[in-house]
Amino acid sequence: MFGMEPPVITRRRTRAVDVGGVVIGGDAPVRIQSMTNTLTRDTDATLTQVRALVVAGAELVRVAVPTKADTKALTEIVAASPVPIIADVHFHFARALEAITAGVAKIRLNPGNISDRDQVRRVIDAAGAAGVAIRVGVNEGSVVQRHTGPQRQADLARPLHELMADKLAEYLEVFTEAGFDSLILSAKSHDAVTTVAANRLLAGRWDWPLHLGVTHAGTAQTGAIRSAAALGALLCEGIGQTIRISYTGDPVAEVLAARELLASLRLRVRKGIDLVACPTCGRLEMDLAPIVERVRVALADVSESITVAIMGCVVNGPGEAESADVAICAGRDKAVLYRRGQKVRTVPAGRIVEAVVAEVKKLADKEPGRQSDQAQVN
Ligand code: SF4
């Protein structure tokens with residue numbers, strides 16, 4: 001095993017905001033959040049998904065509340081949820097008031113579609129009285145004046161990231177006038193570079209915590225990579241106190257991707273298997289990809305932090321085996337099984353998955369709750 005790398009990320013300090021007992025900013029680690037895609041008024045389906053997201057690693061869950069029936073369901077959802085619930089409000093300020101009454105921990109408001117200052121002020125007063133935090137989030141789709149005219153022309157002539165930060169500044173005036181402090185800010189674009197540029201501006205201007213995300217990122221393939229590119233760049237600069245990775249599909253996968261991103265940057269402790277695998281090349285003599293996938297699925301419920309390497313030949317195999325807790329170095333019709341760099345035995349090709357899983361489970365039983373020592377949380 002090699003020595004420990006020095007911490008490479010210095011996190012930018014922000015104010016701490018309490019969201020239903022989960023602190024965002026201050027000394028807290030980068031928080032993982034996600035959003036349900038059920039109809040919120042379907043209480044059972046929503047709670048089932050909230051629980052699944054929490055099992056995957058979400059510490060806060062946001063739900064959409066487009067109708068009164070959705071805010072009505074919130075009372076039961078908030079009471080039964082294991083984590084704080086955030087209401088996602090667009091267009092109707094009344095939904096925000098109803099959500100606050102229902103007991104949510106945070107409201108997400110989009111300045112682009114609730115611009116009436118009196119309405120926003122009523123939400124601020126209600127949130128302040130109830131101890132509810134508010135995320136003010138600008139999206140690229142709602143910062144440009146929609147009606148044709150000089151304002152639209154002026155908006156379109158500006159760099160998008162600057163426009164987003166300036167629109168946010170305008171919107172924040174009503175919050176600062178009201179002395180409302182429990183704020184989290186965000187600026188999202190579908191474009192990774194714009195997201196990075198906008199959040200750099202936000203981080204330079206304000207010391208409220210930032211929620212990072214790439215909006216409308218696309219499918220799992222493009223969305224995960226686009227999110228990792230933007231969020232990874234910002235997190236490496238110490239920017240970002242909470243993240244949501246979002247793409248079309250199952251939100252549980254988004255949470256797993258967020259966990260992987262934070263663990264890869266050593267911003268959160270890795271929970272579960274760290275799977276190192278041969279990328280395959282012309283030296284490979286065995287069909288390794290299905291073996292890697294079967295090992296991944298078989299070990300998905302292991303919560304101990306254990307590094308498993310599935311390697312395809314003797315070029316890199318023994319080296320990776322030395323750094324891994326459990327490793328396989330495959331040959332033509334058999335493989336060598338290693339435990340912490342020590343050769344355990346030779347395994348026939350058909351028994352590789354079984355052998356790796358048994359070795360990992362043995363280690364997990366021996367060291368229950370084992371955590372990686374590589375997290376750099378501040
Ligand atoms: S481990 Fe061996 S087979 Fe796999 S990519 Fe590396 S050199 Fe190729």
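Anyway, here's the lowdown on the structure attached to this text. (Residues numbered from 1 in each chain as written. Predicted model: local features only at pLDDT ≥ 70, side-chain atom pairs only at ≥ 80, totals over all residues. Heavy atoms only, no water.)

As a further point, take the overall build of the chain. Looking only at helices and strands, the chain has twelve helices and 15 strands in total. For the chain, whose C-alpha radius of gyration is 23 Å, the value lies close to the compact-globule estimate of 21 Å for 378 residues. Residues classed as buried in the chain amount to 49% of the 378 residues present. In the chain, once contacts between residues fewer than 6 apart in sequence are set aside, the share between residues at least 24 apart is 66%. Taken as a whole, the chain presents about 17,200 Å² of accessible surface, with 52% of it coming from carbon and sulfur. In the chain, 45 side chains carry a positive charge and 42 a negative one; their mean positions are 2 Å apart. (Helix = DSSP H or I, 4+ residues; strand = E, 2+ residues; numbered from the N terminus. Rg over C-alpha atoms; globule rule 2.2 N^0.38 Å. Buried < 20%, exposed > 50% of the residue type's maximum accessible area, 1.4 Å probe, protein only. Contact = heavy atoms within 4.5 Å. Areas by Shrake-Rupley, 256 points an atom, 1.4 Å probe, with all protein chains shown as cover. Lys, Arg positive; Asp, Glu negative; His and termini not counted. Charge placed at Lys NZ, Arg CZ, Asp CG, Glu CD.)

It is worth spelling out the sheet that holds strand 13 (residues 326–330) at this point. If you walk across this open sheet you meet the five strands as 11-12-13-14-15, and the pairing is mixed. The open sheet terminates on both sides in strands that have one partner only, identified here as strand 11 (273–277) and strand 15 (342–348). Looking at each pair of strands side by side, their axes are set apart by 20° on average, direction ignored. In terms of strand pairing, strand 12 (residues 306–311) meets strand 13 through four bridges, oriented parallel. Paired with Ala-309 across the two strands is Ala-327, which belongs to strand 13. Packed on one face of the sheet, helix 10 (residues 289–298) meets strand 11 and strand 12 and runs near 180° to strand 11. (Pairing = 2+ DSSP bridges. Axes fitted to C-alpha atoms, helices over the stretch in contact; angles between N-to-C directions.)

Before going further, it helps to examine the site of the ligand. Looking at the ligand, the residues that line it are Cys-278, Pro-279, Thr-280, Cys-281, Arg-283, Leu-284, Met-311, Gly-312, Cys-313, Val-315 and Asn-316. Its residues assigned to classes, the shell around the ligand shows seven nonpolar, three polar and one charged. (Near = heavy atom within 4 Å. Nonpolar A, V, L, I, M, F, W, Y, C, P; charged D, E, K, R; others polar.)

On to the layout of surface pockets. Of the voids in this model, the largest pocket is the one considered here, and its volume is about 970 Å³. Taken together, 27 residues line the largest pocket, and the ones lying closest to its centre are Leu-256, Arg-259, Glu-260, Lys-271 and Ile-273. Secondary-structure elements contributing two or more residues to the lining of the largest pocket are helix 1 (43–56), helix 9 (251–264), strand 11 and helix 10. The element best represented in the lining of the largest pocket is helix 9, accounting for five residues. Along the lines of polarity and charge, the residues of the lining of the largest pocket split into 14 nonpolar, three polar and ten charged. If you count residues domain by domain, the lining of the largest pocket takes at least three from each of domain 1 (16–264) and domain 2 (273–366). (1 Å grid on protein atoms, 1.4 Å probe; cavity = no way out; pocket = protein on both sides within 12 Å on 5 of 7 lines; lining within 4 Å. Points joined across faces, edges and corners; volume = space filled by probe spheres on them. Domains from an automatic or database assignment.)

Further remarks concern helix 9. An α-helix turns once per 3.6 residues; consequently, residues spaced three or four apart project the same way. With 14 residues, helix 9 extends 20 Å from end C-alpha to end C-alpha; this agrees with the ideal 20 Å at 1.5 Å per step. Considered for burial, the residues of helix 9 that qualify are Pro-251, Glu-254, Val-255, Ala-258, Leu-261, Leu-262 and Ala-263. Against strand 3 (31–35), helix 1, helix 8 (220–236) and strand 10 (242–243) lie the buried residues of helix 9. N-capping of helix 9 is provided by Asp-250, with a side-chain oxygen placed 3.0 Å from the backbone N of Val-252. Arg-266 lies just past helix 9 and shows a positive phi near 60°. (Expected span 1.5 Å × (residues − 1). Polar contact = N/O pair within 3.5 Å; in protein donor to acceptor, adjacent residues only side chain to side chain.)

For the rest of this paragraph, the subject is unusual backbone geometry. Negative phi values dominate among residues other than glycine, just as trans dominates among peptide bonds. In this structure, Arg-266 is a non-glycine residue whose phi angle is positive, near 60°. Considering the arrangement of structural elements, one finds Arg-266 in the loop between helix 9 and strand 11.

Both strand 14 (residues 334–339) and strand 15 contribute to a ladder of six bridges, which runs antiparallel. Directly across from Leu-337, in strand 15, lies its bridge partner Arg-345. Turn length for the strand 14-strand 15 hairpin, with the two strands adjacent in sequence and antiparallel, is two residues, and the turn residue Arg-340 shows positive phi of about 45°.

By way of backbone hydrogen bonds, the strands of a sheet pair with one another, either parallel or antiparallel. Ordered by their spatial adjacency, eight strands build an open sheet running 8-7-6-5-4-3-10-9, and the pairing between neighbours is parallel. Edge strands, defined here as strands with exactly one partner in the open sheet, are strand 8 (183–188) and strand 9 (211–212). Strand direction decides the pairing type here: strand 4 (residues 60–64) and strand 5 (residues 85–89), joined by four bridges, are parallel. Residue Ala-64 lies in a different strand from strand 5, and its bridge partner there is Asp-88. Contacting strand 3 and strand 10, helix 9 crosses the sheet at an angle of about 165° to strand 3.

This next bit is on the environment of Val-143. The topology assignment puts Val-143 in the loop between strand 7 (133–139) and helix 5 (150–156). Along the primary structure Val-143 and Leu-168 are separated by 25 residues, whereas in three dimensions their C-alpha atoms are 9.0 Å apart. Contact partners of Val-143, with chain neighbours within four places excluded, come to Val-138, Asp-155, Leu-160, Leu-163, Met-164 and Lys-167.

This paragraph deals with the pattern of salt bridges. Under the counting rule described, the total for this entry stands at 27 salt bridges. With its nearest N and O atoms 2.7 Å apart, the salt bridge here joins Asp-207 to Arg-15. Taken together, the positions of Asp-207 in the loop between helix 7 (192–205) and strand 9 and Arg-15 in the segment before strand 1 (16–19) put the pair 192 residues apart, joining distant regions of the chain. Through salt bridges that share partners, Arg-158, Glu-162, Asp-166 and Arg-205 make up one connected network. (Salt bridge = Lys/Arg side-chain N within 4 Å of Asp/Glu carboxyl O.)

Let us now look at the packing of helix 10 against helix 12 (residues 352–366). Look at helix 10 against helix 12: their axes get within 10 Å of each other, and the N-to-C directions meet at 35°. The chirality of how helix 10 crosses helix 12 is right-handed. Note on element contacts: helix 12 touches helix 10 through Ile-352, Val-353, Val-356, Val-357 and Lys-361, opposite Ile-291, Arg-294, Val-295 and Ala-298. In the contact of helix 10 with helix 12, the residues fall into seven nonpolar, no polar and two charged. (Left-handed = near helix turned anticlockwise from the far one by under 90°.)

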